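Remarks on the overall topology
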Amino acid sequence: MTDMASSHNGFEECEDKSVYFTLSLYVSQADVTAALGNQLDPETLRAFQPGYRGSKRLRDAVEPLFNDIADRERLGAVDDFLLDSLCPRNGEFIEITAPDEISWSTEGRRFVATPPGLGKSRTLRVRRFWYTHANGAIGYHLSFRYNYDHTPGEFYFLSLLQKVAAPKEFEANPRLPGSAPWRATDERTGIAPLDLLRVKSPRSGDQSFWQYVRDAFDLDAEDLFRQLSGTGPKARSAPAAPTFDTLVAEAPFIEVPGLVMPVSRLLFFFEDATFFRRLLPEPDPETGVPPPRTRMVQEGCYLPYQEKLDGLNPKGLVDMPEVRMGDDYWHWVIHRPDYDQYTDAQIEEGRKTRPAMEDRRRQDCLQYLFMAGFNQNIIDFMNQDPSEILDSTDPIYPATEEQATERKFVRFANPRALTTYVETARSLEAANDYIGTCPYAFMIHVVSMHNEFMTREYEACAFKLIDKVEMLGQKGRLKRAAEAFYAFRTGDYAGYYRDRYMNVFRYDTEAEVFEKMTQLRGIDRRNDYIERLISNMESQTRDREARLAKKDETSMNLLLGALGVFGFFQLAMMWADKLRDLSRNDDVSVSLGWAPPFLELSGGNLDQPWNGFSVFVLYASMGFTFALVIFLIWRLARGFFR
């Protein structure tokens, strides 16, 4: 195979200086449901997986490795599944051609680089597959494999592979006001990695990288969703077209105004003994202690790089200085003639205090510059000082000296990519012919990606709820607002906490990396922020609801008071009628006074039992009524002035 590892009996051998690059796209549960007409459930997939193309082969070979490091079981079953695609069993081979010249802008300067060998055509192997999640979301994964050399042209090509999915340090073409933003699949965006990396595949001629990804996705998605539509329950709604444009979400790429990118995450796995020993130095044979990174990266080797770049700055004042890194510059980088003045004996003596130095060409410095830039997705990696290199080669694992002594792997992460360096990896050998990468690294990657995008969806639902509650609150419909909170708690909230992954990893190494990925990608931070936001809004709504209830109670008290006054007047009329009857029929004398009981009755036959009882009832009724009126006035006054 050209530029590729050799194969033996259909199996691909993993070799030194090879990178395994996985591009992962996430299709949300809502979009999968729209494409199928109903929700994709685990039972349907459990029956579907063995009969769909080579999915059983993937399951039998790779899922035991997933289960080895992660507790994927829920209620006695595993509800996540690997599914095959239309990709050939031995992978698909594509040709990628990079431009001879690449330019970018950073720190107020424009850099133009022409590293030798950048523009050649390269052959990459691709494997494509699906990974389904318990809630019905699906990930689409393309794993690329490339064998490289430690040369500037190869390093820039590897950097462009990362830039094609996360093209910061580049600028899009101007757009007319009100026009749609640029998309990664557009033919000409002005962004070099998107426009100038050209792909030839067995299915198509010259096209951009993302056009290749779009066409592969459309091919695989049409086949998968067509066959899935014949399984499970009958569709409850008309399915949408299962295409890249309808299933793969896009989002503004904040580092490049005017550009939207497919929402994706990246996994890089380097099998490279030299890189591994640079990042995790071997112990000193005399002391048994590995040299610190500050000894591996010393200023003396990197200061000349800064001086060379400063010497390339244009003289005079210009709006955007242009630094052209041409043939002379790269000849200096490759051969380091500044070391020609030293004899072989001096070089050998210098190695005692410079453990990274292997020869007078100082390729260790170029390698550190590349790795530091790659770990942080920086194509301007030649323009770094030792402090920046040390910061960017500080791994998320190993994090302690004890972990470093195990010498398993070195892992780095940035917001969009997880990168691993190993000397050799048995797990990679076991899974490469199926998913094209290390299954252990892939499991961390796919679980983190699912949690991140679920959290982003949950965040969107939470803000939608807040907008709805604010609108209902302004209209005074607080009962409806409270009902909206209840629906959210029993719907989106419950689904989010049910379907996102906890730390499912059995081993400390993977569990620790997963936790750091969760922190780096802001999953817990977003979750905590959303919870505080929702709780605060719910508390305010409940408080306003309680205030309105109290106001309603006060209004009811006023109404009851009014009814009491009305009843008092009715009772007074009854008293007047009774006194009139007494005075007419029994010659009773009635007079009012200022002293209790305020009413004097005399004369007539009041001493008769029936009339005596009537007078008693009259006095008792008047006394109770006066007491009730005073009590109501006190309660009303207390309600108003609290």
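Procedures and definitions
- Residues numbered from 1 in each chain as written.
- Predicted model: local features only at pLDDT ≥ 70, side-chain atom pairs only at ≥ 80, totals over all residues.
- Heavy atoms only, no water.
- Helix = DSSP H or I, 4+ residues; strand = E, 2+ residues; numbered from the N terminus.
- Buried < 20%, exposed > 50% of the residue type's maximum accessible area, 1.4 Å probe, protein only.
- Areas by Shrake-Rupley, 256 points an atom, 1.4 Å probe, with all protein chains shown as cover.
- Axes fitted to C-alpha atoms, helices over the stretch in contact; angles between N-to-C directions.
- Parallel < 35°, antiparallel > 145°, perpendicular 65-115°, else oblique.
- Left-handed = near helix turned anticlockwise from the far one by under 90°.
- Contact = heavy atoms within 4.5 Å.
- Nonpolar A, V, L, I, M, F, W, Y, C, P; charged D, E, K, R; others polar.
- Phe/Tyr/Trp six-rings, centres within 6.5 Å; stacked < 30°, edge-to-face > 60°.
- Pairing = 2+ DSSP bridges.
- Patch = residues over 30% accessible without salt bridge, like charges linked within 9 Å, V, L, I, M, F, W, Y side chains within 5 Å.
- Salt bridge = Lys/Arg side-chain N within 4 Å of Asp/Glu carboxyl O.
- Lys, Arg positive; Asp, Glu negative; His and termini not counted.
- Charge placed at Lys NZ, Arg CZ, Asp CG, Glu CD.
- Polar contact = N/O pair within 3.5 Å; in protein donor to acceptor, adjacent residues only side chain to side chain.
- Core = buried A, V, L, I, M, F, W, Y, C linked by side-chain atoms within 4.5 Å.
- Disulfide = S-S within 2.5 Å.

This next bit is on the overall build of the protein chain. Across its full length, the protein chain carries 21 helices and 22 strands. Taken across its 642 residues, the protein chain has 49% of its residues classed as buried. Total accessible area on the protein chain stands at roughly 30800 Å², and carbon and sulfur atoms take up 54% of it.

With an omega of 0°, the peptide bond running from Y397 to P398 counts as cis. Topologically, P398 is positioned in the loop between α14 (386-392) and α15 (401-406). Positive phi values are uncommon outside glycine, yet K17 reaches one of about 60°. Here K17 shows up in the loop between β2 (11-12) and β3 (18-27). Overall, K17 belongs to the partly exposed group, its relative accessible area being 27%.

Most of helix α16 (residues 426-435) sits out of view: seven of its 10 residues are buried. Phi turns positive, to about 70°, at G436, one or two residues after α16.

The next thing to look at is the packing of helix α17 (residues 439-474) against helix α19 (residues 508-520). Where α17 contacts α19, the two axes come as close as 10 Å, and the packing angle between them is 30°. In this view, α17 runs roughly parallel relative to α19, as classed from their interaxial angle. As α17 runs across α19, the sense of the crossing is right-handed. For the pair α17 and α19, the contacting residues are Y440, I444, V447, S448 and N451 in the first and E510, V513, F514 and M517 in the second. In terms of residue class, the contact of α17 with α19 is built from six nonpolar, two polar and one charged.

Right, let's talk about the packing of aromatic side chains for a bit. All told, the structure shown has 45 aromatic pairs when counted by the stated rule. Measuring from centroid to centroid gives 5.8 Å for W104 and F111, while their planes differ by 10°, and the two rings are stacked. Classification of F111 by relative accessible area gives buried; the value is 0%. Their ring planes at 50° and their centres at 4.6 Å tell us that W130 and Y140 sit as a pair that is tilted. Taken together, the positions of W130 in strand β10 (residues 121-132) and Y140 in strand β11 (residues 138-147) put the pair 10 residues apart, joining distant regions of the chain. Looking at W130, the relative accessible area reads 0%, which means it is buried. Note on Y140: relative accessible area 0%, which makes it buried.

Summarising burial for strand β17 (residues 264-271): eight of the eight residues are buried, a large majority. On β17, burial covers both faces: S264, L266, F268 and F270 on one face and R265, L267, F269 and E271 on the other are all buried. As defined by bridge partners, β3 adjoins β17 across eight bridges and the pair is classed as antiparallel. Pairing of Y20 across the sheet is with F269, part of β17.

We now examine the environment of R489. Inspection of the secondary structure assignment puts R489 in helix α18 (residues 478-499). Contact partners of R489, with chain neighbours within four places excluded, come to A494, E531, I534, S535 and E538.

The grouping of K464, K468, K475, R477 and R480 at the surface amounts to a positive patch. With respect to the helices and strands, the residue K468 is situated in helix α17. In this structure K468 comes out as partly exposed when scored by relative accessible area, which is 40%.

What follows covers the pattern of salt bridges. Considering all chains together, one arrives at 42 salt bridges under this definition. The partner of D79 in a salt bridge is R46, with the nearest N and O atoms 2.7 Å apart. Of this pair, D79 sits in the loop between β5 (77-78) and β6 (81-83) while R46 sits in helix α2 (residues 42-48), placing them 33 residues apart in sequence. For D79, a relative accessible area of 14% puts it in the buried group. Among the salt bridges present, the one from E322 reaches R324, with a minimum N-O distance of 3.1 Å. The partly exposed category is assigned to E322, whose relative accessible area is 29%. Counted as one network, the salt bridges with shared partners bring together R53, E222, D223 and R226.

Across the sheet, which stays open at both edges, the three strands sit in the order β8-β9-β18 with mixed pairing between neighbours. This sheet does not close on itself; its edge strands, each paired only once, are β8 (102-106) and β18 (322-325). Across the sheet, the mean angle separating the axes of adjacent strands is 20° when strand polarity is ignored. The sheet contact formed by strand β9 (residues 109-113) and β18 spans four bridges and is parallel. Considered in β18, the bridge of A113 is made with M325. On top of the sheet, helix α10 (residues 299-312) reaches β9 and β18; it is set at about 120° to β18, its chief contact.

Here we take up the sheet that holds strand β16 (residues 259-262). Judged by pairing direction, the sheet is mixed, and its three strands sit side by side in the order β12-β16-β15 without closing on themselves. The sheet terminates laterally at β12 (182-183) and β15 (250-252), the two strands that pair on one side only. Bridge analysis of β15 against β16 gives three bridges, and the strand direction is antiparallel. In the strand pairing of β16, A251 is matched with M261.

Note on placement: E169 falls in the loop between α4 (152-163) and β12. Polar contacts involving the side chain of E169 include one to the side chain of K163, which spans 2.6 Å. Polar side-chain contacts of E169 include one of 2.8 Å to the backbone nitrogen of I379. Not counting chain neighbours up to four residues away, the residues in contact with E169 comprise W104, S105, T106, K163, N377, I378, I379 and D380.

Among the nonpolar cores identified, the biggest contains 105 residues, and Y156, W210, M325 and M382 are the most heavily contacted of them. Non-local contacts of Y156, meaning those with residues more than four positions away in its chain, are made with I102, W104, A113, P115, L118, M325, W330, I379, F381 and M382. By size, the runner-up hydrophobic cluster in this structure holds 59 residues, among which are L65, F66, L418 and I444.

Bringing the state of the cysteines into the picture now. According to the stated counting rule, one finds one disulfide in the structure shown. Put simply, C301 and C365 are joined by a disulfide, and their sulfur atoms are 1.7 Å apart. Here C301 and C365 share a disulfide; its torsion about the S-S bond, 125°, makes the bridge right-handed. Here C301 is found in helix α10, whereas its partner C365 is found in helix α13 (residues 363-375), with 64 residues between them in sequence. Per residue, the accessibility class of C301 equals that of C365, and both read buried. The structure places no disulfide on C14, whose sulfur is separated from the nearest cysteine sulfur, that of C438, by 9.9 Å.

That's the geometry; what it means functionally is another story.
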